[in-house]
Amino acid sequence: MSYETILYHEDGPVGTITLNRPDDGNMFTAKTCIEVRDCIEAIRGETRTRVVVLTGAGDRFFCIGGRKEGLEDTRLYAGTLPTLDMYEALDRLQKPVIASVNGYAVGGGNVLQMMCDMTIAKESAIFRQVGPMMGSFDAGYGTWYLEDLVGKKKAKEMWYCNQKLTAREALAIGLVNRVVPDDELPARTREFALEVAERGSFALASVKAAFNARHGGVSGLARMAHDLLLRAYLDSDESKELGDAFRNRRTPDPDKFGH
């Protein structure tokens, strides 16, 4: 796969998406959002990759938010950064996604790491929400998911006061899962990803869908029912007997599945 603002490579069961705008804080643009979304959709449709890592290029920034680069100057939807397309693709992907935070995760960048299933960060990483002090906000995933992670009071403090959090502070409040020495981040990220990749993929997909069903409304419930439960049901004796009876225009035999 070839992209302009992200890099993607596979290494065994681990696929890594790298935001590749280090001179601009790895900020995401409309092109980046669409490229990440399309990359995630491609990963969804293949079996090689069992775990996805999301990180930033360089050693200073994970991501410091988004920029309305390349968009029309309009208040209509064409002028809106397609950030949600990227967030939702990460959330919907049935495979675990690990954020490897290699520097500043600020604004939309902090929301981006929250959208991942788990986060590993280097010691010098910084986490921050800055919207209300710079004329923006993320009243959606950025508030709901943050509240789920750190609690309502702390989430409001982060949004109202916009303080910087060190990686250790982020770990203490549940914003991230693991913190490692700066020079060990790539190796420890891979260890983390391989640890997850050893687990049952169907079980992991089921667990992720169950988490998503809680806040996904009908979409989350449908993903549980369609993507996972229905697949299991289709392999059951009941489903096979009913399907065979329907195809052969006969009455199904409950004794074949009624135990």
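Now for a description of the structure that goes with this document.

Conventions adopted
- Residues numbered from 1 in each chain as written.
- Predicted model: local features only at pLDDT ≥ 70, side-chain atom pairs only at ≥ 80, totals over all residues.
- Heavy atoms only, no water.
- Helix = DSSP H or I, 4+ residues; strand = E, 2+ residues; numbered from the N terminus.
- Contact = heavy atoms within 4.5 Å.
- Areas by Shrake-Rupley, 256 points an atom, 1.4 Å probe, with all protein chains shown as cover.
- Lys, Arg positive; Asp, Glu negative; His and termini not counted.
- Charge placed at Lys NZ, Arg CZ, Asp CG, Glu CD.
- Pairing = 2+ DSSP bridges.
- Core = buried A, V, L, I, M, F, W, Y, C linked by side-chain atoms within 4.5 Å.
- Buried < 20%, exposed > 50% of the residue type's maximum accessible area, 1.4 Å probe, protein only.
- Axes fitted to C-alpha atoms, helices over the stretch in contact; angles between N-to-C directions.
- Expected span 1.5 Å × (residues − 1).
- Arc of directions from axis to C-beta.
- Disulfide = S-S within 2.5 Å.
- Parallel < 35°, antiparallel > 145°, perpendicular 65-115°, else oblique.
- Left-handed = near helix turned anticlockwise from the far one by under 90°.
- Nonpolar A, V, L, I, M, F, W, Y, C, P; charged D, E, K, R; others polar.
- Salt bridge = Lys/Arg side-chain N within 4 Å of Asp/Glu carboxyl O.

### As for the overall build of the chain
Okay, so step 1: When its secondary structure is counted, the chain shows 11 helices and 10 strands.
Okay, so step 2: Along the first, second and third principal axes, the C-alpha atoms of the chain reach 70 × 45 × 40 Å.
Okay, so step 3: The long-range fraction of contacts in the chain, counting pairs at least 24 apart against all pairs at least 6 apart in sequence, stands at 67%.
Okay, so step 4: Accessible surface, the chain as shown: approximately 13,800 Å² in total, 54% of it carbon and sulfur.
Okay, so step 5: Of the side-chain charges in the chain, 33 are positive and 37 negative, and the distance between the mean point of each set is 3 Å.

### Some words on the sheet that holds strand S4 (residues 61-63)
Okay, so step 1: Pairing in this open sheet of 4 strands is mixed, and the strands run S4-S6-S8-S9 from one edge to the other. The two strands at the open ends of the sheet, each matched to only one other strand, are S4 and strand S9 (165-166).
Okay, so step 2: As judged from the 2 bridges shared by S4 and strand S6 (residues 104-106), these two strands associate in the parallel manner. Within S6, the residue paired with Phe61 across the bridge is Tyr104.

### A closer look at the nonpolar core
Okay, so step 1: With 47 residues, the main nonpolar core has Ile17, Leu54, Leu112, Phe127 and Leu175 as its most contacted residues.
Okay, so step 2: In terms of residue count, the dominant contributor to this core is helix H1 (residues 30-44) (6 residues).
Okay, so step 3: Among residues more than four places away in sequence, those in contact with Leu175 are Asn110, Gln113, Met114, Phe127, Leu146, Leu149, Val150, Met158, Leu165 and Ala170.
Okay, so step 4: If you look at the next biggest cluster of nonpolar residues, it comprises 11 residues, including Ile98, Leu185, Phe192 and Ala193.

### Considering the sheet that holds strand S7 (residues 118-122)
Okay, so step 1: If you walk across this open sheet you meet the 6 strands as S1-S2-S3-S5-S7-S10, and the pairing is mixed. Only two strands of the sheet have a single partner each, and these edge strands are strand S1 (6-11) and strand S10 (178-180). For this sheet, the mean inter-axis angle between neighbouring strands, taken without regard to orientation, is 20°.
Okay, so step 2: Bridge count between strand S2 (residues 14-19) and strand S3 (residues 51-56): 6 bridges; the pairing is parallel. Residue pairing for S3: Gly15 is matched across the bridge by Val52.

### Things to note about helix H9 (residues 201-215)
For an α-helix the count is 3.6 residues per turn, leaving residues at separations of three or four pointing the same way.
Okay, so step 1: Spanning 15 residues, H9 covers 22 Å between terminal C-alpha atoms, matching the ideal 21 Å at 1.5 Å per step.
Okay, so step 2: Along H9, the positions that sit buried rather than exposed are Ala205, Lys208, Ala209 and Asn212. For H9, the buried positions fall inside an angular range of 100° around the axis, keeping them on one side. Looking at H9, the residues exposed on the side facing more than 90 degrees away from the buried face are Phe211 and Arg214.
Okay, so step 3: Positive phi shows up at Gly217, right after H9, with a value of about 60°.

### Considerations on the state of the cysteines
A covalent bond bridging the sulfur atoms of two cysteines is what the word disulfide describes.
Okay, so step 1: Under the defined criterion, the tally for this structure stands at 0 disulfides.
Okay, so step 2: Here Cys39 stays free of any disulfide, with the sulfur of Cys116 as its closest cysteine sulfur at 13 Å.
Okay, so step 3: Under the relative-accessibility criterion, Cys39 is labelled buried at 0%.

### Digging into the packing of helix H3 (residues 108-115) against helix H5 (residues 141-150)
Okay, so step 1: At a closest axis distance of 10 Å, the pairing of H3 and H5 adopts a crossing angle of 55°. The orientation of H3 relative to H5 falls into the category oblique. The crossing of H3 and H5 is left-handed. Counting all contacts with H3, which are made through Val111, Met114 and Met115, the residues of H5 involved are Tyr141, Gly142, Tyr145, Leu146 and Leu149.
Okay, so step 2: Per-class residue counts for the contact of H3 with H5 are 7 nonpolar, 1 polar and no charged.

### What about the pattern of salt bridges?
Pairs can form between side chains of opposite charge once their charged atoms are near each other.
Okay, so step 1: In this structure the tally under the stated criterion is 19 salt bridges.
Okay, so step 2: As a salt-bridge pair, Arg48 and Glu10 come within 3.0 Å of each other at their nearest N and O atoms. Of the two residues, Arg48 sits in the loop between H1 and S3 while Glu10 sits in strand S1, which places them 38 residues apart along the sequence.
Okay, so step 3: Its relative accessible area of 33% is what places Glu10 among the partly exposed residues.
Okay, so step 4: One salt bridge in this structure joins Asp244 and Arg250, with 2.6 Å as the shortest N-O distance.
Okay, so step 5: Residue class for Asp244 comes out partly exposed when judged on its relative accessible area of 28%.
Okay, so step 6: Ionic contacts of the salt-bridge type, sharing partners, join the residues Glu241, Asp244, Arg250 and Lys256 into one network.

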